[in-house]
Amino acid sequence: DAGVIQSPRHEVTEMGQEVTLRCKPISGHNSLFWYRQTMMRGLELLIYFNNNVPIDDSGMPEDRFSAKMPNASFSTLKIQPSEPRDSAVYFCASSIKSGTSQETQYFGPGTRLLVL
Amino acid sequence: AQSVTQPDIHITVSEGASLELRCNYSYGATPYLFWYVQSPGQGLQLLLKYFSGDTLVQGIKGFEAEFKRSQSSFNLRKPSVHWSDAAEYFCAVGSWGKLQFGAGTQVVVTP
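The present account deals with the structure reproduced in this document. (Residues numbered from 1 in each chain as written. Chains lettered and ligands numbered in written order. Predicted model: local features only at pLDDT ≥ 70, side-chain atom pairs only at ≥ 80, totals over all residues. Heavy atoms only, no water.)

## Description of the overall build of chain B
Okay, step 1: Regarding its fold elements, chain B presents zero helices and twelve strands.
Okay, step 2: For chain B, the sequential pattern of α-helices and β-strands runs β-β-β-β-β-β-β-β-β-β-β-β.
Okay, step 3: Its C-alpha atoms give chain B a radius of gyration of 13 Å, within 12% of the compact-globule value 13 Å for 111 residues.
Okay, step 4: Dimensions of chain B along its principal axes, counting C-alpha atoms only, are 40 × 30 × 20 Å.
Okay, step 5: Sequence separation of 24 or more characterises 53% of the internal contacts of chain B that already satisfy a separation of 6 or more.
Okay, step 6: Of the accessible surface of chain B, which amounts to about 5,200 Å², a share of 50% is contributed by carbon and sulfur atoms. (Helix = DSSP H or I, 4+ residues; strand = E, 2+ residues; numbered from the N terminus. Rg over C-alpha atoms; globule rule 2.2 N^0.38 Å. Contact = heavy atoms within 4.5 Å. Areas by Shrake-Rupley, 256 points an atom, 1.4 Å probe, with all protein chains shown as cover.)

## Structural notes on the pattern of salt bridges
Okay, step 1: Applying the stated criterion to the full structure yields twelve salt bridges over all chains.
Okay, step 2: Put simply, lysine 78 of chain A and glutamate 18 of chain A hold a salt bridge, and the shortest N to O gap is 3.9 Å. With a gap of 60 residues between them, lysine 78 of chain A in strand β8 (residues 74–79) and glutamate 18 of chain A in the loop between β2 (10–13) and β3 (19–24) connect regions that are remote in the sequence.
Okay, step 3: Taking the shortest distance from any N to any O, the salt bridge between glutamate 64 of chain B and arginine 77 of chain B comes out at 3.3 Å. With glutamate 64 of chain B in strand β8 (residues 64–68) and arginine 77 of chain B in strand β9 (residues 73–78), this pair connects stretches of sequence that are 13 residues apart.
Okay, step 4: Residue arginine 77 of chain B is classed as partly exposed on the basis of its relative accessible area, which comes to 24%.
Okay, step 5: When salt bridges that share partners are traced, they join Glu62, Arg64, Glu83, Arg85 and Asp86 of chain A into one network. (Salt bridge = Lys/Arg side-chain N within 4 Å of Asp/Glu carboxyl O. Buried < 20%, exposed > 50% of the residue type's maximum accessible area, 1.4 Å probe, protein only.)

## Quick notes on a nonpolar patch on the surface
Okay, step 1: A cluster of nonpolar residues, Val12, Leu114 and Leu116 of chain A, forms a patch on the protein surface that exposes about 290 Å² of accessible area.
Okay, step 2: Within the secondary structure, leucine 116 of chain A sits in the segment after β13 (111–115). (Patch = residues over 30% accessible without salt bridge, like charges linked within 9 Å, V, L, I, M, F, W, Y side chains within 5 Å.)

Keep in mind these numbers describe shape, not what the thing actually does.
This is the structure we're talking about:
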């Protein structure tokens, strides 16, 4: 059974370039989460979707960041333009939300982003 | 506001010795509680979770955790540590899908 799939696993880019991170959640999961992990700030929730609809994007740092979920099996996190301070590991996670129950989040392997 | 505190940034333990990682939380209602482990360069793997019921929960890899409402704690334990347990451990609390993670505890295992 495939877990959460993220691509690319590593990305090196130059300041000012557009970066797109991709995520495929576990089949059947209806909630998807994007996190950022840095040494300084730890793990931060950026945005999460339920049934492809963004529910809470209060963690998105600024307008340079955007996320979409066009269907139940795919999501993107885009940074445009990228800056060196965006360098971090970005994780995608998915889970099942049913009624009042929110089940466990399963994490992907992450995308390690370096902006020069 | 919800928060999670892992008081120990770094713990060194000998192989075969017991391990306890502390986690304290602040939350307005009964939270869902989780422990995750992250090996270097890897994603987060769920060790165990508490939603309700028995306050002592068993997880994978021989780990267990005890929920103590009166102390707002959810400490993780393992009776005998293996070298492969060297990793970073994260406590998380939340509900409705929004998890707040602690800063993590780095565990080093010595021979």
